[in-house]
Amino acid sequence: MDKPLEFLPGRWSASNPQLVELKQMMMPFGAGTRNCIGQNLARVELLMIAAYTLRFFHFELLSEPEYSIFLTLKATNVKVKVTMRE
């Protein structure tokens with residue numbers, strides 16, 4: 001890649017012979033081969049915490065939630081009672 005520290009928008013044009021190589025190097029937000037090395041371990045830990053929590057605690061909904069929709073569905077004013085299972 002020529003002049004990597006300079007802003008050259010033309011390097012992303014289809015006529016650039018290095019375009020294929022540039023697309024392989026450009027991995028925004030840690031996607032692809034340069035992803036987080038501990039991501040799989042973090043997922044397993046989250047699943048174990050969720051399983052432990054659901055096994056040893058009981059959840060009771062005390063009030064009906066109110067829903068707001070913007071880009072996603074979001075529950076507000078949710079009251080949950082959590083007690084330890086026996």
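Refer to the preceding data block for the structure.
Numbers given for residues are sequential positions, taken from 1 along each chain in its written order. pLDDT decides what is reported in this predicted model: residues at 70 or higher carry local features, side-chain atom pairs at 80 or more are listed and counted, and totals for whole chains, interfaces and linings draw on all residues regardless. Here the side-chain values reflect all heavy atoms present in the structure, with hydrogen atoms and water set aside.

**Let's talk about the overall build of the protein chain**
For clarity, the cut-off: Each helix is a run of H or I in the DSSP string that is no shorter than four residues. Each strand is a run of E no shorter than two, and both are numbered from the N terminus. Any two residues whose heavy atoms approach within 4.5 Å are treated as being in contact. Surface accessibility follows the Shrake-Rupley procedure with a 1.4 Å probe radius. Residue values consider only the protein chains on display as shielding.
Scanning the protein chain from N- to C-terminus turns up two helices and four strands. Start at the N end of the protein chain and walk to the C end: the helices and strands fall as α-α-β-β-β-β. When contacts within the protein chain are restricted to residue pairs at least 6 apart in sequence, those whose partners lie at least 24 apart make up 21%. Summing over all exposed atoms, the protein chain offers an accessible surface of approximately 8200 Å²; the carbon and sulfur share of this is 63%.

**Focus on a nonpolar patch on the surface**
Basically, it comes down to this: In this analysis, a patch consists of residues with relative accessible area above 30% that form no salt bridge, clustered at 9 Å for like charges and at 5 Å for the nonpolar side chains Val, Leu, Ile, Met, Phe, Trp and Tyr. Any Lys or Arg side-chain nitrogen found within 4 Å of a carboxyl oxygen on Asp or Glu counts as a salt bridge. Here's how the labels work: a residue is buried when its accessible area is under 20% of the maximum for its type, exposed when over 50%, partly exposed in between, all with a 1.4 Å probe on protein chains only.
Taken together, the side chains of L54, F59, L61, V78, V80 and V82 make up a nonpolar region of the molecular surface, amounting to roughly 510 Å² of accessible area. At the level of elements, β1 (57-61) and β4 (80-84) are the ones that each hand at least two residues to the nonpolar patch. Within the secondary structure, F59 is located in strand β1. Overall, F59 belongs to the partly exposed group, its relative accessible area being 38%.

**Regarding the packing of aromatic side chains**
Put simply, the rule reads: Aromatic contacts are taken between Phe, Tyr and Trp rings whose centres are within 6.5 Å, Trp giving its six-membered ring; a plane angle under 30 degrees counts as stacked, one over 60 as edge-to-face, and the others as tilted.
Per the counting criterion, the structure on display carries one aromatic pair. Both rings, one in Y52 and one in F56, keep their centres 4.6 Å apart while their planes meet at 45°; by these two values the pair is tilted. Of this pair, Y52 and F56 both sit in helix α2 (residues 39-56), separated by four residues, roughly a single helical turn. Taking the relative accessible area as the measure of exposure, Y52 reaches 48% and is therefore partly exposed.

**Quick word on the side chain of R11**
Test applied: His is not counted, nor are the chain ends; Lys and Arg add positive charge and Asp and Glu add negative charge.
Residue position: R11 is located in the segment before α1 (19-25). In this structure R11 is buried but unpaired, with E6 as the nearest side chain of opposite charge at 6.3 Å.

**With respect to the environment of L73**
Structurally, L73 is set in strand β3 (residues 73-76). When sequence neighbours within four positions are dropped, the list of residues in contact with L73 reads Y67 and S68.

**A closer look at the pairing of β3**
Along a regular strand, successive side chains alternate from one face of the sheet to the other. Put simply, the rule is: Strand pairing is defined by DSSP finding a minimum of two bridges between the two strands.
Pairing geometry for strand β2 (residues 66-69) and β3, over four bridges, is antiparallel. Looking across to β3, one finds that I69 is bridged to L73. What sits between the antiparallel neighbours β2 and β3 is a turn of three residues.

**Observations concerning unusual backbone geometry**
Despite not being glycine, N77 has its phi angle at roughly 55°, a positive value. Looking at the secondary structure, you find N77 in the loop between β3 and β4. A residue is classified by how much of its surface remains accessible, and N77, at 54% relative accessible area, is exposed.

These figures come from the coordinates and say nothing about function on their own.
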